[in-house]
Amino acid sequence: FSSRRRHTRFKCDWSSDVCSSDHMFETFRWPFQQILKDSPLWVAERDAEQQFRTWLNIWPTHSHIWIGDIYDSGKEYHKTNFRPVSEWYDIGPSMGNYTCGSSFKPGRYARSNSNTNGTRFMVVESDTLAKDEVGAIFAYLNNRLRYKLHAIIDTAGKSLHGWFDAPVNKVAETRLKAALTVFGCDPKLFTYSQPVRVPGAMRDGRLQRIVWLRR
């Protein structure tokens, strides 16, 4: 493993489970090519429209989702960036490169925590771990801690985003996020209204795409 964590021996207690970084990255290793092979549904080769509509299916049908670019929020004319799933299904991935792990209250046009409606995913990523490394965190969360993994998205950059069920209570959420931060995950994504990459959009000529999808 890389030198940035070679000497790390962080221990944690997640749901009465004790782990160290060395143990987790060794035991739950899940490299990128294996993630592709292990997907219950083969989705990585779908085109942009199919990628986008496939991703919409992980949301409850009543959800109002924000899609846009970073500054497409806060003005009344940004209402067009906040739409129910059914409308986005018809429009396609044309409004921007980003979305949120949370849905929003109907009629809102500002991407803020106060406007979210409680329907949300926990999106996990790392800016320091490679694609062949961060899979261990996804596997640990899904297989050991039983946070259901819904999708893994290749951001068309250096990182992968894992979309999980959110923790059920604040105490569990706080402890989990503290540990994930130590393991190299980006704490900014723990903000409910934080922008994350949406599959089906293009980034510098490359497709943001789902590479693993729960059946």
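First, a word on what this report is: a plain description of the structure on this page. (Residues numbered from 1 in each chain as written. Predicted model: local features only at pLDDT ≥ 70, side-chain atom pairs only at ≥ 80, totals over all residues. Heavy atoms only, no water.)

1. Comments concerning the environment of N169
Mapped onto the secondary structure, N169 falls in the loop between β9 (160-165) and α7 (170-182). A polar atom in the side chain of N169 sits 3.1 Å from the backbone nitrogen of V171. A distance of 2.7 Å separates the side chain of N169 from the backbone nitrogen of A172, its partner in a polar contact. (Helix = DSSP H or I, 4+ residues; strand = E, 2+ residues; numbered from the N terminus. Polar contact = N/O pair within 3.5 Å; in protein donor to acceptor, adjacent residues only side chain to side chain.)

2. Overview of the nonpolar core
V124, I137, L141 and I152 are the most contacted members of the largest nonpolar core, which totals 31 residues. Listed by contribution, the elements that provide at least two residues to this core are α2 (21-27), α3 (32-38), β7 (116-124), α6 (131-144), β8 (149-154), β9, α7 and β13 (209-213). The contacts of V124, once residues within four sequence positions are left out, are I137, F138, L141, L160, H161, G162, F164, L180 and C185. F52, V123, L189 and I210 belong to the second largest nonpolar core, which has 21 residues in total. (Core = buried A, V, L, I, M, F, W, Y, C linked by side-chain atoms within 4.5 Å. Buried < 20%, exposed > 50% of the residue type's maximum accessible area, 1.4 Å probe, protein only. Contact = heavy atoms within 4.5 Å.)

3. Here we look at the packing of aromatic side chains
Under the criterion given, the structure shown has eleven aromatic pairs. Ring centres of F25 and F183 lie 6.2 Å apart, and the angle between their planes is 80°; on these two criteria the pair is classed as edge-to-face. Taken together, the residues span a long stretch of sequence, with F25 in helix α2 and F183 in the loop between α7 and β10 (195-197) at a distance of 158 residues. Looking at F183, the relative accessible area reads 5%, which means it is buried. Summarising the aromatic geometry, the rings of F138 and F164 are spaced 6.0 Å apart at their centres and angled 55° between planes, so their arrangement reads as tilted. In this pair, F138 is assigned in helix α6 and F164 in strand β9, connecting sequence segments 26 residues apart. (Phe/Tyr/Trp six-rings, centres within 6.5 Å; stacked < 30°, edge-to-face > 60°.)

4. Comments concerning the state of the cysteines
If you walk through the whole model with that rule in mind, you get zero disulfides. Just so you know, C100 is unpaired, no disulfide at all, and the nearest cysteine sulfur is the one on C185, 19 Å from it. For C100, a relative accessible area of 0% translates into the label buried. Assessed through its relative accessible area of 4%, C185 is described here as buried. (Disulfide = S-S within 2.5 Å.)

5. Thoughts on unusual backbone geometry
Phi is positive for A156, which is not a glycine, with a value near 65°. Take A156: it is sitting in the loop between β8 and β9. Relative accessible area serves as the criterion here: at 7%, A156 is assigned to the buried category. In this structure, D204 takes a positive phi of about 50° despite not being glycine.

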